[in-house]
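Residue-level structure breakdown
Read off the chains here:
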Protein chains: 2
Amino acid sequence: MTEAKIEADPKLPIIRITREFAATPAQLLRAHTDPDLFVQWCGPDSLVNKIDYWDARTGGSWRYVASRNGEEYAFHGSFHQVGPDRIVQTFTFEGQPDGVALETLWFEDLGDGRTRLHAQSLVDSFEGRDAWLQSGMEVGVEEGYAKLERLAVEGRI
Amino acid sequence: MTEAKIEADPKLPIIRITREFAATPAQLLRAHTDPDLFVQWCGPDSLVNKIDYWDARTGGSWRYVASRNGEEYAFHGSFHQVGPDRIVQTFTFEGQPDGVALETLWFEDLGDGRTRLHAQSLVDSFEGRDAWLQSGMEVGVEEGYAKLERLAVEGRI
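All values reported here derive from a predicted model rather than from experimental measurement.

Rules used throughout
Residues numbered from 1 in each chain as written. Chains lettered and ligands numbered in written order. Predicted model: local features only at pLDDT ≥ 70, side-chain atom pairs only at ≥ 80, totals over all residues. Heavy atoms only, no water. Contact = heavy atoms within 4.5 Å. Buried area = accessible area lost by both parts, 1.4 Å probe. Salt bridge = Lys/Arg side-chain N within 4 Å of Asp/Glu carboxyl O. Phe/Tyr/Trp six-rings, centres within 6.5 Å; stacked < 30°, edge-to-face > 60°. Helix = DSSP H or I, 4+ residues; strand = E, 2+ residues; numbered from the N terminus. Buried < 20%, exposed > 50% of the residue type's maximum accessible area, 1.4 Å probe, protein only. Lys NZ or Arg CZ within 6 Å of the ring centre and 35° of its normal. Least-squares fit on C-alpha atoms with pLDDT ≥ 70 in both. Pairing = 2+ DSSP bridges. Axes fitted to C-alpha atoms, helices over the stretch in contact; angles between N-to-C directions.

1. Some details on the interface of chain B and chain A
For an interface, size is often stated in terms of accessible area lost upon the parts coming together. If you look at the interface, chain B gives 29 residues, while chain A gives 29 residues. For the chain B and chain A pair, buried surface summed over both sides reaches about 1900 Å², with 58% attributable to carbon and sulfur atoms. Taken as a group, B:H80, B:L102 and B:D124 account for 27% of the area that chain B buries against chain A, more than any other trio of residues on that side. Our count for the chain B to chain A interface comes out at two salt bridges.

Encoded structure:
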């Protein structure tokens with residue numbers, strides 16, 4: 001079974017995630033930039049995502065709301081750079097409106113239709129980073145990436 | 001004489017700058033968001049700034065080119081958050097296109113028409129942070145903020 005590796009950098013306020021997928025870099029880029037695909041896989045299984053706005057180009061911005069039984073969690077950010085094998089974006093959970101992470105994703109082509117996704121999330125304090133790690137975020141990462149893998153395997157990306 | 005204080009955080013890959021101005025928070029916000037004002041003060045005296053694009057709202061983006069005797073230095077980024085007393089933005093110098101900083105500015109109202117500007121620049125390595133510090137950036141900071149102070153004192157903001 002493929003699992004995401006989630007690591008806290010010992011010297012920098014960074015979380016790094018890596019995960020292999022049965023998809024090309026172009027397919028992973030599409031899964032992260034096409035809003036109709038993105039809502040189908042991002043986050044834990046228990047939440048349903050709805051796009052508020054989404055403009056996946058360098059200089060664009062995005063916002064979506066994840067909900068469960070009437071509870072809502074909203075997120076927004078800017079796309080600093082989009083594609084072809086790299087996305088750099090800002091990320092704020094609106095429950096903590098002054099918090100912001102700088103996220104860098106890149107897609108390492110392994111050949112034979114496989115790609116290793118590298119995701120780096122940088123914040124400005126170790127406390128904020130460690131609180132995020134202890135929030136149960138790994139459930140969202142694992143379940144979300146499992147959904148993304150299924151989309152790829154089923155030929156839906 | 002008012003000078004900017006430029007500090008490297010000992011434990012985080014952050015540069016922090018503080019500087020007082022004879023201006024209100026609203027005036028400093030305008031100086032950072034109105035492109036016609038911004039080009040008049042940002043950076044060292046020896047460079048002339050020209051806006052390429054500029055959309056200073058939450059979710060907008062910006063690019064400008066600074067030139068001197070035919071040499072050009074281009075910069076671009078996204079406005080993650082704008083105002084009223086805080087700007088969060090990404091920043092890339094296109095000479096190092098994979099480098100990106102997450103910048104947070106906030107305007108501390110000191111009363112009597114004075115404001116302390118706090119600027120924090122976060123990057124993902126100490127090497128990158130220290131190279132930036134050693135690049136002569138303090139000349140641009142000091143000369144730029146001196147121009148901004150003059151604009152405020154002359155009632156042009």
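2. Overview of the packing of aromatic side chains
In total, this model carries 28 aromatic pairs over all chains according to the counting rule given. Taking the centre distance of 5.5 Å and the plane angle of 75° together, the rings of A:F38 and A:W41 count as edge-to-face. Note that A:F38 and A:W41 are positioned in helix α2 (residues 35–41) at a spacing of three residues, about one turn of the helix. Judged by its relative accessible area of 9%, A:F38 falls in the buried class. On the numbers, 5.4 Å between centres and 85° between planes, the contact of B:F21 with B:Y145 is edge-to-face. Separated by 124 residues along the polypeptide, B:F21 in strand β2 (residues 14–21) and B:Y145 in helix α4 (residues 137–153) bring together distant segments of the chain. Side by side, B:F21 and B:Y145 carry an identical accessibility label, which is buried. One cation-aromatic arrangement involves A:R19 over A:F21; the distance from NZ or CZ to the ring centre is 4.8 Å.

3. Considerations on the environment of A:G144
All names here are of chain A. Following the sequence through the fold, G144 ends up in helix α4 (residues 137–153). Separated by 106 residues in the primary sequence, G144 and F38 place their C-alpha atoms 9.9 Å from one another. If we skip the residues at most four places from it in the chain, G144 touches W41, G43 and V139.

4. Here we look at the environment of A:R150
Residue and element names in this part refer to chain A. Mapped onto the elements, R150 comes out in helix α4. Note on R150: relative accessible area 44%, which makes it partly exposed. Through-space distance from the C-alpha of R150 to that of W132 is 26 Å; in sequence the pair is 18 residues apart.

5. Quick look at unusual backbone geometry
Residues and elements named next belong to chain A. With omega at -5°, the peptide bond leading from G83 into P84 counts as cis. Residue placement: P84 occurs in the loop between β5 (71–82) and β6 (86–93). One non-glycine residue, N69, lies in the positive phi region at around 50°. Phi angles above zero are rare outside glycine, and D112 is one such case at about 55°. For D112, the position within the fold is in the loop between β7 (101–111) and β8 (114–122). Accessibility expressed as a relative area gives 83% for D112, which makes it exposed.

6. Here we look at the pattern of salt bridges
Pairing is possible between side chains of opposite charge, provided their charged atoms come close. Throughout the structure, instances matching the rule amount to 24 salt bridges over all chains. Within this structure, A:E20, A:E108, A:R114 and A:R116 form a network of salt bridges that share partners.

7. So, the environment of A:F21
A relative accessible area of 0% places A:F21 in the buried class. Residues A:F21 and A:R150 lie 129 residues apart in sequence; the distance between their C-alpha atoms is 9.5 Å.

8. Let's talk about the relation of the copies chain B and chain A
Rotating chain B by 180° and moving it 0.0 Å along the rotation axis overlays it on chain A with an RMSD of 0.0 Å. Such a combination of rotation and displacement between the chain copies is what one expects of a two-fold axis. Of the interface residues in chain B, 100% have counterparts in chain A that sit at the interface too, so the contact is made through matching surfaces.

9. Some words on the sheet that holds β7(A)
Residues and elements named next belong to chain A. Strand order in the open sheet formed by eight strands is β1-β2-β8-β7-β6-β5-β4-β3, and the pairing between neighbours is antiparallel. The sheet is open, and its two edges are formed by β1 (5–8) and β3 (48–54), each paired on a single side. Averaged over all adjacent pairs, the angle separating strand axes in this sheet is 20°, with direction ignored. Two elements, strand β2 (residues 14–21) and β8, share eight bridges in a ladder whose sense is antiparallel. When the bridges of β8 are listed, I14 appears paired with L122. Its contacts with the sheet place helix α3 (residues 126–133) against β1, β2 and β6, and it is angled at close to 40° to β2. Docked against the sheet, α4 engages β1, β2 and β8, running at close to 25° with respect to β2.

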